Amino acid sequence: MEQLSGLLSWTLSRVLWLSGLSERGAARRPQIMEEKALEVYDLIRTVRDPEKPSTLEELEVVTEGCVEVQEINEDYCLVIIRFTPTVPHCSLATLIGLCLRVKLQRCLPFKHKLEIYISEGTHSTEEDINKQINDKERVAAAMENPNLREIVEQCVLEPD
């Protein structure tokens, strides 16, 4: 009976640890999400600005702190990007958001839901732009435009 009790106790602690409900497992979850956030940042930092010969990282449009990854379930994550345009009236903010979306849709190695926003208070029309860059139909329509698609391709192309 004592062996059975010990076996049940060990099994329960192992299940809790693997599911992330024990202290050790719970401590590991945030670390995994931080690693995924760094992975996301590593992908978007090299996206080029549509009108300047610089990356979004160099212009501080994206930073490590602008990426958040939350676990939805064991196999699926919510990736949230909050980027900051260089000026409050940036006419290319929507295009930058589109470039970020395309890059991550192509390159992220894990299953995800993607939300991209302009950092609050950093653009004069942030609400409208946030709606546009998170609307699947508008994104698909934009990528059907050959001129826009070419610009996006140039922006997301990996540097040599």
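Everything below is about the structure printed above this text.
Just so it is clear, the structure is predicted and the values come from calculations on it, not from any experiment.

Peer 1: Could you clarify how one ought to interpret the packing of helix α3 (residues 93–107) against helix α6 (residues 146–156) in this entry?
Peer 2: Two numbers describe a pair of packed helices, the interaxial angle and the distance between the axes. Relative to each other, α3 and α6 sit at 65°, their axes nearing to 9 Å. Classified by the interaxial angle, the pair formed by α3 and α6 is roughly perpendicular. In this structure, the crossing between α3 and α6 has a hand that is right-handed. Across from Leu95, Leu98, Cys99, Val102, Lys103 and Arg106 in α3, the residues of α6 making contact are Leu148, Ile151, Val152, Glu153, Cys155 and Val156. Residues of the contact of α3 with α6, tallied by class, amount to nine nonpolar, no polar and three charged.

Peer 1: What should I look at first to understand the environment of Glu71 in this one?
Peer 2: Within the secondary structure layout, Glu71 lies in strand β1 (residues 67–73). Judged by its relative accessible area of 35%, Glu71 is partly exposed. Along the primary structure Glu71 and Ile32 are separated by 39 residues, whereas in three dimensions their C-alpha atoms are 9.4 Å apart.

Peer 1: So what exactly am I meant to see when it comes to the layout of surface pockets here?
Peer 2: Rolled over the atoms, a probe as big as a water molecule pinpoints where empty space is left. Here the largest pocket defines a volume of roughly 200 Å³. Forming the walls of the largest pocket are Arg101, Gln105, His112, Lys113, Leu114, Glu115, Ile133, Asn134, Asp135, Lys136 and Val139. Of all the secondary structure elements, the ones that give two or more residues to the lining of the largest pocket are α3, β3 (112–118) and α5 (136–144). Here the element with the most residues in the lining of the largest pocket is β3; it accounts for four residues.

Peer 1: Is there a simple way to think about the packing of aromatic side chains in this case?
Peer 2: Geometry of an aromatic ring pair is reported as the spacing of the ring centres plus the angle between the planes. Counted by the stated rule, this structure contains zero aromatic pairs. The cationic tip of Lys36 hangs over the ring face of Phe110; the distance from NZ or CZ to the ring centre is 4.2 Å.

Peer 1: How should α6 be read in this particular structure?
Peer 2: Since the α-helix packs 3.6 residues into each turn, any two residues three or four apart lie on the same face. Within the sequence span of α6, burial applies to Val152, Cys155 and Val156. Projection of α6 onto a plane perpendicular to its axis shows the buried side chains occupying an angular sector of 85°, all on one side. With respect to the buried face of α6, the exposed residues turned more than 90 degrees away are Pro146, Asn147 and Gln154. Packed against the buried residues of α6 are α3 and α5. For α6, the capping residue at the N-terminal end is Asn145, with a side-chain oxygen 2.8 Å from the backbone nitrogen of Asn147.

Rules used in this analysis
Residues numbered from 1 in each chain as written. Predicted model: local features only at pLDDT ≥ 70, side-chain atom pairs only at ≥ 80, totals over all residues. Heavy atoms only, no water. Axes fitted to C-alpha atoms, helices over the stretch in contact; angles between N-to-C directions. Helix = DSSP H or I, 4+ residues; strand = E, 2+ residues; numbered from the N terminus. Parallel < 35°, antiparallel > 145°, perpendicular 65-115°, else oblique. Left-handed = near helix turned anticlockwise from the far one by under 90°. Contact = heavy atoms within 4.5 Å. Nonpolar A, V, L, I, M, F, W, Y, C, P; charged D, E, K, R; others polar. Buried < 20%, exposed > 50% of the residue type's maximum accessible area, 1.4 Å probe, protein only. 1 Å grid on protein atoms, 1.4 Å probe; cavity = no way out; pocket = protein on both sides within 12 Å on 5 of 7 lines; lining within 4 Å. Points joined across faces, edges and corners; volume = space filled by probe spheres on them. Phe/Tyr/Trp six-rings, centres within 6.5 Å; stacked < 30°, edge-to-face > 60°. Lys NZ or Arg CZ within 6 Å of the ring centre and 35° of its normal. Arc of directions from axis to C-beta. Polar contact = N/O pair within 3.5 Å; in protein donor to acceptor, adjacent residues only side chain to side chain.

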